[in-house]
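Residue strings, one per chain:
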Number of protein chains: 2
Amino acid sequence: MRIAVDVMGGDHGPEVVVGGLQLALRQGLRPEVVYLVGQRQAIEAALRDCGLRADCFEIVHANDVLTMEDKPVQALRRKPDCSIARAMELVARGEADAVVSRGNTGGIFAAATLKLGRLPGVDRGAIATVIPTPERAFVLLDAGANIECKPVHLVQYAVMGSVYAQEVLQVSRPRVGLMNIGREDGKGNELTQEAFRLLKRTDLNFVGNIEGHDLFVDRVDVVVCDGFVGNVVLKTCESLALAMFGMLTRELSRNFKRRLGAFLASNAFRSLRRRLDPEAYGGAPLLGFRGTVMKAHGSARERALCSALMITAETVRHHVRDQIGERVATVNALLAEVSASEAPVTS
Amino acid sequence: MRIAVDVMGGDHGPEVVVGGLQLALRQGLRPEVVYLVGQRQAIEAALRDCGLRADCFEIVHANDVLTMEDKPVQALRRKPDCSIARAMELVARGEADAVVSRGNTGGIFAAATLKLGRLPGVDRGAIATVIPTPERAFVLLDAGANIECKPVHLVQYAVMGSVYAQEVLQVSRPRVGLMNIGREDGKGNELTQEAFRLLKRTDLNFVGNIEGHDLFVDRVDVVVCDGFVGNVVLKTCESLALAMFGMLTRELSRNFKRRLGAFLASNAFRSLRRRLDPEAYGGAPLLGFRGTVMKAHGSARERALCSALMITAETVRHHVRDQIGERVATVNALLAEVSASEAPVTS
């Protein structure tokens, strides 16, 4: 695997990205080439800090950075020499297989769209995110790229999420659920009603409509919804889990008896945290593009970046990109047949 | 207060409703009249079971029940003598002030719409739900009644939620947030962009766009969104909280040391559960109707029903219905002025 790592952006400096890379190399990541994309001086300093030799990596200098405040599309035009654009160009030119970045999500998405382009047949790229549950995890998409979806987009998301769940999360025949306000057929708005009808026609393991209550009870492996709903669900889950851990910590430290109890049971809390830790799943893949793109959290530190790099390698190794291309093409063909057979006969 | 209690529907029998009523009377509920609406024999049996005298209550016989499977509007036509319809009729005729039911939510909403009607100026009724947070709680609406909203509906929800938060949750100047996928002005889809613009013009304490991350950090008291998003948020929160409690319980019982720790810290867990218990807020008010309507959870038992009855009494005592009518009228007038002043001059 040849990987382009966007060293800029995010809440912490380049040394954290380089540290994450170092961790991944220690854990067995064996890339053929690692491109470190960003400001050369900052990268060289980070390599020195980590005690890594610069000649083991290809430094690709980029003068600019997309900040969190930048409006993605405009900023990419205004800053052609920004690190995320340069990283995508490496993939576009066939010099790298994958990009990992913890920068501005909108910026990464826009750069993937403009520089890589979508796979043939894919109408919209998606941000997928892996949400841990007590049993395992599910892939939620779209998590915010495309807020005005058409039914066919949701079907394509279902295909992309299924491929990712199968290949990277190792779920055989991933169960696909359509996010809705009730389980009964015919529930929901125009978008979900039509998407339901289309999903029924595919060869996906479509389990039907699901509602919020189904998310954490091991009923689905892939959840599809428009980017508005997906973004709200993702952030709501993050916020509630954090709030509950925070409350628990405060309650447990309120007096000596509770602190003693918490100390004795500390492994239980650690285990809970570990199982609900989204970092274990390495970041959010951007799916549907002509290259592998992984978005790490803006606040990611070494461990999370290492995890993102490892998962990126898995995504490349399992040919997720190509499989998405093939399976979307198949589903598109199927839906075209269905729609032709349903068209009114005009003779 | 004169209250009509729908004794039918829900997961448990009429004796649970009567038990809840008994609890509320012990806790100081002082209604002028309590109508128990449902099958007379079942009600009489439940009263006997609880040791209550039938002559303290007005039994209003209704032959039918809306089940969870019933399609609301059709079922109301097919079952004119169902308990929820009879209960609403008591309010419509001015014989009761409020209805409490734990039946089919869609059925209660449809009965409120058909039998009571909306307040003048209110375009859509809403299901509001109170979601607890570490600090306090916020009112989320709409939680699923109206999935294809117009911007003006969201503005009216904001007014209704503010009145409820102020009067029943006792929040002065409730902070209203518009559920969105980011905080910046101009974020979101057409619905939220236009709703944002309108909300800015009102005299509400509108804090702007909020995202999922803002829900549990004491940033808002009222969250407005369309019924699709609201339903998903509500059920996702319920599901995740339940899953986390379940995992915690399992982890804490895994070995003796953890069990001992859990025993010592048990007050901490109790406190956490109590603070995140939605039953403390007594149910979901249906707002915007010509009467007070409270939906208790289908699985509600005595304590939750008692809480729903107490909150219903507060809602009536604080004239929430009339205040909503007045404030929606004011906001409608304001928006009409704004829209007139923005209209292109055609001369």
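Residues numbered from 1 in each chain as written. Chains lettered and ligands numbered in written order. Predicted model: local features only at pLDDT ≥ 70, side-chain atom pairs only at ≥ 80, totals over all residues. Heavy atoms only, no water.

As for the overall build of chain A
Then step 1. Scanning chain A from N- to C-terminus turns up 12 helices and 12 strands.
Then step 2. Expected size for 347 residues packed as a compact globule is a radius of gyration near 20 Å; at 21 Å, chain A falls within 12% of this value.
Then step 3. Its C-alpha atoms give chain A principal-axis dimensions of roughly 75 × 60 × 35 Å.
Then step 4. When contacts within chain A are restricted to residue pairs at least 6 apart in sequence, long-range pairs at least 24 apart make up 73% of them.
Then step 5. Of the roughly 14300 Å² of accessible surface on chain A, a fraction of 50% belongs to carbon and sulfur atoms.
Then step 6. In chain A, 43 positive and 40 negative side-chain charges are present, and the distance between their average locations comes to 5 Å. (Helix = DSSP H or I, 4+ residues; strand = E, 2+ residues; numbered from the N terminus. Rg over C-alpha atoms; globule rule 2.2 N^0.38 Å. Contact = heavy atoms within 4.5 Å. Areas by Shrake-Rupley, 256 points an atom, 1.4 Å probe, with all protein chains shown as cover. Lys, Arg positive; Asp, Glu negative; His and termini not counted. Charge placed at Lys NZ, Arg CZ, Asp CG, Glu CD.)

Brief notes about helix H4 (residues 83–92) of chain B
Then step 1. Among the 10 residues of H4 of chain B, eight are classified as buried, and the element is accordingly described as predominantly covered.
Then step 2. Considered for burial, the residues of H4 of chain B that qualify are Ser83, Ile84, Ala85, Ala87, Met88, Glu89, Leu90 and Val91 of chain B. (Buried < 20%, exposed > 50% of the residue type's maximum accessible area, 1.4 Å probe, protein only.)

Observations concerning the nonpolar core
Then step 1. One finds Ile84, Met88 and Phe269 of chain A together with Ile84, Met88 and Phe269 of chain B to be the most contacted residues of the largest nonpolar core, which totals 121 residues.
Then step 2. If you look at the next biggest cluster of nonpolar residues, it comprises 69 residues, including Val5, Leu47, Val316 and Val331 of chain B. (Core = buried A, V, L, I, M, F, W, Y, C linked by side-chain atoms within 4.5 Å.)

Some points on a nonpolar patch on the surface
Residues and elements named next belong to chain A.
Then step 1. Side chains of Phe256, Leu260 and Phe263 sit close together on the surface and give an oily, nonpolar patch of about 350 Å² of accessible area.
Then step 2. For Leu260, the position within the fold is in helix H9 (residues 256–264).
Then step 3. Leu260 sits in the partly exposed class, given a relative accessible area of 35%. (Patch = residues over 30% accessible without salt bridge, like charges linked within 9 Å, V, L, I, M, F, W, Y side chains within 5 Å. Salt bridge = Lys/Arg side-chain N within 4 Å of Asp/Glu carboxyl O.)

A closer look at the sheet that holds strand E7 (residues 137–141) of chain A
Residue and element names in this part refer to chain A.
Then step 1. With mixed pairing, five strands are arranged side by side in an open sheet as E6-E7-E10-E8-E9. Every interior strand has two partners, whereas the edge strands, strand E6 (129–132) and strand E9 (205–210), have only one. In this sheet, neighbouring strand axes are inclined to one another by 30 degrees on average, regardless of whether the strands run parallel or antiparallel.
Then step 2. The pairing of strand E8 (residues 175–179) with E9 spans five bridges and is classified as parallel. Looking at the pairing, Met179 lines up with Ile210 of E9.
Then step 3. In the packing of helix H8 (residues 227–252) onto the sheet, contacts are made with E6, E7 and E8, and the angle to E7 comes to roughly 140 degrees. (Pairing = 2+ DSSP bridges. Axes fitted to C-alpha atoms, helices over the stretch in contact; angles between N-to-C directions.)

Here's the deal with empty space enclosed by the protein
One water molecule sets the probe size; rolling that probe over the atoms shows where empty space is left.
All names here are of chain B.
Then step 1. In the structure shown here, the tally under the stated rule is seven cavities of 30 Å³ or more.
Then step 2. A volume near 70 Å³ is recorded for the largest cavity.
Then step 3. Taken together, 13 residues form the lining of the largest cavity, with Leu286, Leu287, Gly291, Thr292 and Val320 sitting closest to its centre. (1 Å grid on protein atoms, 1.4 Å probe; cavity = no way out; pocket = protein on both sides within 12 Å on 5 of 7 lines; lining within 4 Å. Points joined across faces, edges and corners; volume = space filled by probe spheres on them.)

Quick look at the packing of helix H6 (residues 151–167) of chain A against helix H7 (residues 190–201) of chain A
For any two helices packed against each other, the geometry is given by the interaxial angle and the distance between the axes.
All names here are of chain A.
Then step 1. H7 packs onto H6 with a crossing angle of 50 degrees between their chain directions and a minimal axis gap of 8 Å. Taken together, the axis directions place H6 and H7 in an arrangement best described as oblique. Here H6 and H7 pass one another in a crossing that is right-handed. For the pair H6 and H7, the contacting residues are Pro151, Val152, Leu154, Val155 and Ala158 in the first and Leu191, Glu194, Ala195, Leu198 and Leu199 in the second.
Then step 2. Among the residues forming the contact of H6 with H7, the class breakdown is nine nonpolar, no polar and one charged. (Parallel < 35°, antiparallel > 145°, perpendicular 65-115°, else oblique. Left-handed = near helix turned anticlockwise from the far one by under 90°. Nonpolar A, V, L, I, M, F, W, Y, C, P; charged D, E, K, R; others polar.)

Side note on the relation of the copies chain B and chain A
Then step 1. Turning chain B through 180 degrees and shifting it by 0.0 Å along the axis lays it on chain A, with an RMSD of 0.0 Å. What the superposition gives is, in effect, a two-fold axis relating one chain to the other. Closest to the rotation axis within chain B is the C-alpha of Gly261 of chain B, separated from it by 1.8 Å.
Then step 2. Of the residues that chain B buries at the interface, 100% are likewise interface residues in chain A, meaning the two copies contact each other through the same surface. (Least-squares fit on C-alpha atoms with pLDDT ≥ 70 in both.)

Thoughts on the interface of chain B and chain A
Then step 1. In this complex, chain B contributes 53 residues to the contact, which on the side of chain A involves 53 residues.
Then step 2. Here chain B meets chain A over a buried area of about 4900 Å², counting both sides, of which 73% is carbon and sulfur.
Then step 3. The tally of links between chain B and chain A comes to four salt bridges.
Then step 4. Put simply, Arg275 of chain A and Glu251 of chain B hold a salt bridge, and the shortest N to O gap is 2.7 Å.
Then step 5. Applying the counting rule to chain B against chain A returns 16 residue pairs in polar contact (both at pLDDT 80 or more).
Then step 6. For the side of chain B that touches chain A, the elements supplying multiple residues, two or more each, are helix H7 (190–201), helix H8 (227–252), helix H9 (256–264) and helix H10 (266–275) of chain B. (Buried area = accessible area lost by both parts, 1.4 Å probe. Polar contact = N/O pair within 3.5 Å; in protein donor to acceptor, adjacent residues only side chain to side chain.)

Quick word on the pairing of strand E7 (residues 137–141) of chain B
Residue and element names in this part refer to chain B.
Then step 1. Of all five residues that make up E7, five are buried, and the element is covered over most of its length.
Then step 2. Here E7 shows no split at all, with Ala137, Val139 and Leu141 on one side and Phe138 and Leu140 on the other all buried.
Then step 3. Taking the residues between adjacent antiparallel strands as the criterion, strand E6 (residues 129–132) and E7 are bridged by four residues.
Then step 4. In this structure, E7 lies alongside strand E10 (residues 222–224), joined through three bridges in parallel fashion. The partner of Val139 across the bridge, within E10, is Val222.

Any functional reading would require information that these geometric values do not contain.
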